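Now for the letters of each chain:
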Amino acid sequence: MNTKKHTLQTVSFQQLEENIRDKGWYSEDFAVLYSNAQHAPRFGYPTRFDGYIICLLSSGSVSMSVDLKEYEVSKNSLIIVTPEHIVQTSRYSPDAESMIVLFSARFLGELHVEAQKAIPMILDYQPVLSLNEHEFEIMKDIYNALVRIVSSDNPYYKKEILCHFVSASFYKLCAMYRKYTTYETVRKSRAEEYFEKFIRLVAQYHKSEHGIGYYSDKLNITPKYLSSIVKTVSGRTAAQWIDAYIILEAKAMLRFSDKSIQEVAYALNFSSQSFFGKYFKQHTGLSPKQYRIQE
């Protein structure tokens, strides 16, 4: 992605399209791409994309993180990223090639299925799924069909055909995931349910709320109990999770916006630039200024 200084808390579908318009086929709010390592959409720093990304890696490998968790993605893997998830790509192997489908939240709202429920359900497990050869060929066939629909010269009912085909493809995707997981294997303990609710709240409110007490109040449990279950489930303390989200947000602002360091500090609800600077250096080893100017 372009790292020029402009406000970019979230990369929009339109902004991403400007970077890759000559590398795929397009329809309004929808794109299908075939990318090699040189032309793949890149998120070199913690970034949110306001649409949906479905990527089928056909060769090579990619190193990435989604919501703080690291993934080494290999050939025949499926990657799904949704809005509000923080994604970062750190490495593409020279032979990496991928088939990518991108669509906006507005497009998803026009589908004739409850896809909004299906995708978060999938992501409760993992954003990366390793496919066998048969499943990979199914997904490849779906991708090729989308290419034909979007690139067709016939304008009649094109949008309707696309929406219905994507809707059917979602059901196929969900069925594929169900093969790997059953209700019994994905059923969560009460502690795990609290942890997932906690993470969703932190993702939503970390810019303004830094204290554990705010989140325990939202969950109607004590701070001590919240700290205990978060540590048990994740191996990290609740404070460490909050800090991780704040630091990711701070890095995104420092790298992708022209806000002053003082403005970043205030946007993240720190009382002063000095306090923010000490906090940032404690967690990264760099001052905000040093991080901003580094390559």
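Small disclaimer: the values here were computed from a predicted structure and weren't measured.

Trainee: Tell me about the packing of helix H7 (residues 190-205) against helix H9 (residues 223-234), and name the residues and values.
Mentor: Packing of H7 against H9 leaves a shortest axis separation of 9 Å and a crossing angle of 100°. Put simply, H7 runs roughly perpendicular to H9. Contacts from Ala191, Glu192, Tyr194, Phe195 and Phe198 of H7 reach H9 at Tyr225, Leu226, Ile229, Val230, Val233 and Ser234. Among the residues forming the contact of H7 with H9, the class breakdown is nine nonpolar, one polar and one charged.

Trainee: Tell me what's going on with the sheet that holds strand S6 (residues 61-66), and back it up with residues and numbers.
Mentor: The strand order S7-S6-S9 describes an open sheet built from three strands, whose pairing is antiparallel. Whereas interior strands pair on both sides, the edge strands pair on one side only; in this sheet they are strand S7 (69-74) and strand S9 (87-92). Taken over all neighbouring pairs, the strand axes of this sheet differ in orientation by 20° on average, direction set aside. In this structure, S6 lies alongside S9, joined through five bridges in antiparallel fashion. When the bridges of S9 are listed, serine 65 appears paired with glutamine 88.

Trainee: Summarise the packing of aromatic side chains; cite the residues concerned and give the values.
Mentor: For any pair of aromatic rings, the description consists of the separation of the ring centres together with the inter-plane angle of the planes. Taken as a whole, this structure holds 15 aromatic pairs when the rule is applied. Aromatic pair phenylalanine 198 and tyrosine 215: ring centres 5.8 Å apart, planes at 85°, arrangement edge-to-face. With phenylalanine 198 in helix H7 and tyrosine 215 in helix H8 (residues 212-219), this pair connects stretches of sequence that are 17 residues apart. Note on phenylalanine 198: relative accessible area 0%, which makes it buried. Take tyrosine 215: its relative accessible area is 0%, and that puts it in the buried class. Through pairs of rings, three or more aromatic residues link up here, namely Phe270, Phe275, Phe276, Tyr279, Phe280 and Tyr291. Lying across the ring of tryptophan 241, arginine 236 places its NZ or CZ 4.7 Å from the centre.

Conventions and cut-offs
- Residues numbered from 1 in each chain as written.
- Predicted model: local features only at pLDDT ≥ 70, side-chain atom pairs only at ≥ 80, totals over all residues.
- Heavy atoms only, no water.
- Axes fitted to C-alpha atoms, helices over the stretch in contact; angles between N-to-C directions.
- Helix = DSSP H or I, 4+ residues; strand = E, 2+ residues; numbered from the N terminus.
- Parallel < 35°, antiparallel > 145°, perpendicular 65-115°, else oblique.
- Contact = heavy atoms within 4.5 Å.
- Nonpolar A, V, L, I, M, F, W, Y, C, P; charged D, E, K, R; others polar.
- Pairing = 2+ DSSP bridges.
- Phe/Tyr/Trp six-rings, centres within 6.5 Å; stacked < 30°, edge-to-face > 60°.
- Buried < 20%, exposed > 50% of the residue type's maximum accessible area, 1.4 Å probe, protein only.
- Lys NZ or Arg CZ within 6 Å of the ring centre and 35° of its normal.

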